Amino acid sequence: MTTYPLDPELAALVPMLPRADCSDLEGARAEAQAGVAAALEGVDVTGVDVFEVVAPGPEGAPDVVLRSYRPQGVEGPLPVVYDIHGGGFILGDVDFDHGVNVSLARELGAAVFSVEYRLAPEHPYPAGLEDAYAGLVHIAKNAAELGVDATRIALFGISAGGGLAAGLALLTRDRGGPSIVFQYLGIPELDDRLDTPSMRAFTDTPLWNRPNAVISWDHYLGTGVPGSDGVPIHAAPARATPGQLAGLPPAYISVMEFDPLRDEGIDYARALLAAGVSVELHLFPGTFHGSAMIPHAEVSQRDAAEAVAVLRRALR
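Every residue gets a number counted from 1 within its own chain, in the order that chain's sequence is written. Only residues with pLDDT of at least 70 are given local features in this predicted model, and only at 80 or more are side-chain atom pairs given and counted; all residues enter the totals for whole chains, interfaces and linings. Hydrogen atoms and water are omitted, and side-chain values are computed over all heavy atoms in the structure.

Caption draft 1: Geometry of the environment of Ala 144. When you line up the elements, Ala 144 lands in helix H5 (residues 143-146). Taking relative accessible area as the criterion, Ala 144 reaches 77% and is therefore assigned exposed. C-alpha separation for the pair Ala 144 and Gly 76, spaced 68 residues apart in sequence, amounts to 9.5 Å. Numbered from the N terminus, helices here are DSSP runs of H or I no shorter than four residues, and strands are runs of E no shorter than two. Between buried and exposed lies partly exposed: a residue is buried under 20% and exposed over 50% of the maximum accessible area for its type, with that area taken using a 1.4 Å probe on protein chains only.

Here you go:
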């Protein structure tokens, strides 16, 4: 395995991280579930009400369950953070972001909704994206009942969730759907073509690497489809031209130095800028994809604090 010059606080704990080998999907799912279950034990929900909201699903599909987080003692209508969890389109559930969402609700005084979308390969594109859209529409349509402000909705996604959030911003604009004021795209998975310098270079980085990315896109789009002509921008937003990105809400994009997804995030920020969309881009040095799983590291703390700061500014 290549030795990367990682931040020392992160490097010390890399041997303790999950293998995250998506070639064994059943094993990777079990490993992720076990890790999340352990993390959930330390989440303090004091001051935050957590409950479920059920939204009608896409036509012909099951209902979509949203986990709602609402800070206690805060007068409404509240701004909304709409969370889409990561997991390479193939792993995870709303428990992935439980701790983050409790923190966001508490620190922002916002209502947070996390969508339980269908996963590939059992449910390939566009199932997960359509579930996310259905949940978003339900929140906007029922804003008064839910005690939220439908004019202050920010999308929030990490990794594949960031890619889905970017796709959802495009889809919502194209369908004339709910108004989105901001898109937070953390280490987003955006490009099925797998041809950026970082994607070619980082074949054995911790947690996420090129082999996992190949599997992820094959499961999401179908084997043989990634990299081919005709993949829609809602599936792989990196394929959008600046002309197709015009009119999107402002964005924040984070990328990690030793992450195969690094360059597609940077390229997407440049494309948004070319389209006249306001973007804040932050590359965190010495980091890798998912290194925020080591929360005590100073660089992880800066990343988390910045997420709160940019969302607070966007939703005020």
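Caption draft 2: Fine view of the pairing of strand S5 (residues 148-158). Any two strands between which DSSP finds at least two bridges are classified as paired. Of the strand pairs in this sheet, strand S3 (residues 78-84) and S5 are connected by six bridges, and their pairing is parallel. Following the sheet pairing, Ile 84 is matched in S5 by Gly 157. Here five bridges tie S5 to strand S6 (residues 182-186), and the two strands are oriented parallel to one another. Note that in S6 the partner of Ile 158 across the bridge is Gly 186. For a crossover, the right-handed case is the one in which the path from the first strand over the helix to the second runs clockwise, viewed with the strands pointing away from the viewer. Taking the sense of rotation as the criterion, the β-α-β connection linking S5, helix H6 (residues 160-175) and S6 turns out right-handed.

Caption draft 3: How the structure looks around the pattern of salt bridges. Salt bridges are identified by distance alone: a Lys or Arg side-chain nitrogen within 4 Å of an Asp or Glu carboxyl oxygen. This structure, assessed with the given rule, holds 13 salt bridges. Linking Asp 149 and Arg 152 is a salt bridge whose minimum nitrogen-to-oxygen distance equals 3.0 Å. Judged by its relative accessible area of 18%, Asp 149 falls in the buried class. For Arg 152, a relative accessible area of 23% gives the class partly exposed. Between Arg 239 and Asp 192 there is a salt bridge; the shortest N-O distance is 2.7 Å. Of this pair, Arg 239 sits in the loop between helix H8 (210-221) and helix H9 (242-245) while Asp 192 sits in the loop between S6 and helix H7 (197-201), placing them 47 residues apart in sequence. Note on accessibility: Arg 239 and Asp 192 belong to one class, buried.

Caption draft 4: Local environment of the sheet that holds S5. Spatially, S1-S2-S4-S3-S5-S6-S7-S8 is the arrangement adopted by the eight strands of the open sheet, whose pairing is mixed. In this open sheet, the two strands that pair with only one neighbour each are strand S1 (48-55) and strand S8 (279-288). Ignoring which end each strand starts from, the neighbouring axes of this sheet average 20° apart. Sitting on the sheet, helix H10 (residues 262-274) is in contact with S6, strand S7 (251-258) and S8, with an inclination near 150° to S7. A fitted line through C-alpha atoms serves as each axis, taken over the contacting stretch for helices, and the angle formed by two N-to-C directions is quoted from 0 to 180°. Here a residue-residue contact requires only that any non-hydrogen atoms of the pair lie within 4.5 Å.

Caption draft 5: Main features of the side chain of Asp 204. Mapped onto the elements, Asp 204 comes out in the loop between H7 and H8. All tallies of charge rest on Lys and Arg as positive and Asp and Glu as negative; His and the ends of each chain are not included. For the buried Asp 204, no salt bridge exists, and the shortest N-O distance to an oppositely charged side chain is 12 Å, to Arg 210. Polar contacts involving the side chain of Asp 204 include one to the main-chain amide nitrogen of Thr 2, which spans 2.7 Å. N or O atoms closer than or at 3.5 Å make up a polar contact, with two conditions inside protein: a donor-capable atom paired with an acceptor-capable one, and, for residues adjacent in sequence, both atoms drawn from side chains. For Asp 204, the side chain forms a polar contact with the side chain of Tyr 4, separated by 2.5 Å.

Caption draft 6: Just the packing of helix H4 (residues 127-141) against H6, in detail. Interhelical geometry of H4 versus H6 gives an angle of 60° and a closest axis separation of 10 Å. In terms of orientation, H4 and H6 fall into the oblique class. The handedness of the crossing between H4 and H6 is right-handed. Facing H4, whose interface residues are Leu 129, Glu 130, Ala 132, Tyr 133 and Leu 136, H6 presents Leu 164, Gly 167, Leu 168, Leu 171, Thr 172 and Arg 175. Residue composition of the contact of H4 with H6, grouped by class: seven nonpolar, two polar and two charged. Working definition: roughly parallel below 35 degrees, roughly antiparallel above 145 degrees, roughly perpendicular at 65 to 115 degrees, and oblique for all remaining angles. Crossing handedness is read from the near helix: turned anticlockwise from the far helix by less than a right angle, it gives a left-handed crossing, and turned clockwise, a right-handed one. For this classification, Asp, Glu, Lys and Arg are treated as charged, while Ala, Val, Leu, Ile, Met, Phe, Trp, Tyr, Cys and Pro are nonpolar and the rest, including Gly, are polar.

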